[in-house]
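Below are the chains, spelled out letter by letter.
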Amino acid sequence: MILAIETSCDDTSVAVLDAQGVVLAMRSAHQDDSHRPFGGVVPEVASRRHSEVLLPTLEATLGEASVDWPQIKGLAVTARPGLIGSLLVGLVTAKTLSLVHGIPFVGVNHIEGHLVAALLRDKTYAPPPGFDFPYLGLAVSGGHTHLFICEAPGRYRLIGQTVDDAAGEAFDKFAKMLRLGFPGGVAVDRAAAGGDVAAFHFPRAMQGDSGFNFSFSGLKTAAQRTLSELSEEQQTNRRADLCASYQEAIVSVLVDRMVRASKQHKIKNWTVTGGVSANSRLRLRMAEVAASAGATLALPPLRYCTDNAAMIGLAGLYRLQAGESAGQELSPSARSLVTDWTHT
Ligand code: KG4
Ligand code: ZN
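On a predicted model such as this, the values are computed, not experimentally measured, just so you know.

Definitions and cut-offs
- Residues numbered from 1 in each chain as written.
- Chains lettered and ligands numbered in written order.
- Predicted model: local features only at pLDDT ≥ 70, side-chain atom pairs only at ≥ 80, totals over all residues.
- Heavy atoms only, no water.
- Donors = N, O, S within 2.8 Å, 3.2 Å for Na, K, Ca; no water.
- Tetrahedral: all angles 85-135°; square planar, octahedral: opposite > 155°, others 65-115°.
- Helix = DSSP H or I, 4+ residues; strand = E, 2+ residues; numbered from the N terminus.
- Buried < 20%, exposed > 50% of the residue type's maximum accessible area, 1.4 Å probe, protein only.
- Pairing = 2+ DSSP bridges.
- Contact = heavy atoms within 4.5 Å.
- Axes fitted to C-alpha atoms, helices over the stretch in contact; angles between N-to-C directions.
- Salt bridge = Lys/Arg side-chain N within 4 Å of Asp/Glu carboxyl O.

Explain the coordination of the zinc ion (ligand 2) to me, please; I cannot follow it from the model alone.
Geometry reference: four tetrahedral donors at a metal, ideal angle 109.5 degrees. Six octahedral donors, ideal angles 90 or 180 degrees. On the protein side, the zinc ion (ligand 2) has H110 (NE2), H114 (NE2) and D307 (OD) as donor atoms, found 2.1 to 2.2 Å from it. If you look at the zinc ion (ligand 2), its four donor atoms make angles of 91 to 154 degrees with each other, and the shape they trace is irregular. Counting the intervening residues between successive donors of the zinc ion (ligand 2) yields the motif H-x3-H-x192-D. Of this pair, H110 sits in helix α4 (residues 110-116) while D307 sits in the loop between α11 (302-305) and α12 (309-321), and the two are 197 residues apart along the sequence. As far as burial versus exposure is concerned, H110 and D307 are alike and both buried.

Pasting the structure below:
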């Protein structure tokens, strides 16, 4: 069995997995209440909260899995990308546990975790039949919008990414403009219910390009312009239409890249993961286009889509089983390393 720790941003999460990648227990502590007064994640607050809750979360997870330290044969911890202070709390803890218990640990790239989340298993989730490597993995969250060909465990080819804002950031900024509260993505999703997706026109950047990159900063500027032309009352009355139209601009770009990548690379296994994959419209549209393209779509449950330790555990398990282990000198990094992926 292995124990995994994720503290890259504002969720403290610990999981225990068996050698087949089955999640035996996972506990996560969210910090939304601590950051809400500031309207966004405050790095110092995040790392302090991780320090306070990580050890109790770890104890509770081991207890829930009914597992003792002698049964744990390896550790996986998120080493990058993320907030340095937050990453440090998890990494120092994993290094200490590795020394104390004499077991190996590996540092995992957080995005790699998101990519393999579709392959997790537990009592109620398993990937759809036939879903396996190679597959297209779209990781969309507050910090990343990356499209990969996941060739094999540990082998990921980055074929597209955002050139400016992440998709989640675009949701959060729009929520702020409309004063919908924090975190914003889910508020936009809810407010869009019943709205007309074609009521307002928002740009779909790089739609005609042959590559697979994304850009969301123009969308934000267009939204500012649209809102400046409406009174506060109009913004309130047309909130559902505004949110549905804005959401559609993001969703249609994400769907477009997946469909084109699938055609060009002839890959019919798809997964969408990361916080934005909780979006109801994105889930619906991806499922529709996957069905018409004859593709198998793995949409993990939300507990494995948002930041969680189980996905870090599975990525770490692949690495440990391949004989990898990290040294005490491993340091956290705010960014991914060029060696984390193959670039095209
Ligand atoms: O993966 P995640 O939990 O943390 C990061 O690594 O960033 O993703 C958080 C992001 C936030 O931007 C949040 O607004 C967005 O995911 N999000 C959503 C929804 N739920 C969360 N965006 C759109 N629709 C949702 N339902
Ligand atoms: Zn994430």
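Still more ground to cover, so stick around.
Explain the sheet that holds strand β9 (residues 269-273) here, please?
Here six strands make up an open sheet; going across it, the order is β10-β9-β6-β7-β8-β11 and the pairing mixed. A strand with exactly one partner marks an edge of an open sheet, and here the two such strands are β10 (296-298) and β11 (342-343). Strand direction decides the pairing type here: strand β8 (residues 155-161) and β11, joined by two bridges, are parallel. Each residue of the ladder has a partner; that of R157, found in β11, is T342. The sheet strands contacting helix α9 (residues 239-265) are β6 (135-140), β7 (145-152), β8 and β9, and the helix crosses β6 at an angle near 160 degrees. Set on the sheet, helix α10 (residues 280-293) makes contact with β6, β9 and β10; between it and β9 the angle comes to about 175 degrees.

Explain the pattern of salt bridges to me, please; I cannot follow it from the model alone.
Oppositely charged side chains may form a pair once their charged atoms are brought near each other. Enumeration according to the criterion identifies 18 salt bridges in this entry. A cluster of three or more residues bridged by salt bridges with shared partners is formed by D165, E169, K173 and K220.

Any functional reading would require information that these geometric values do not contain.
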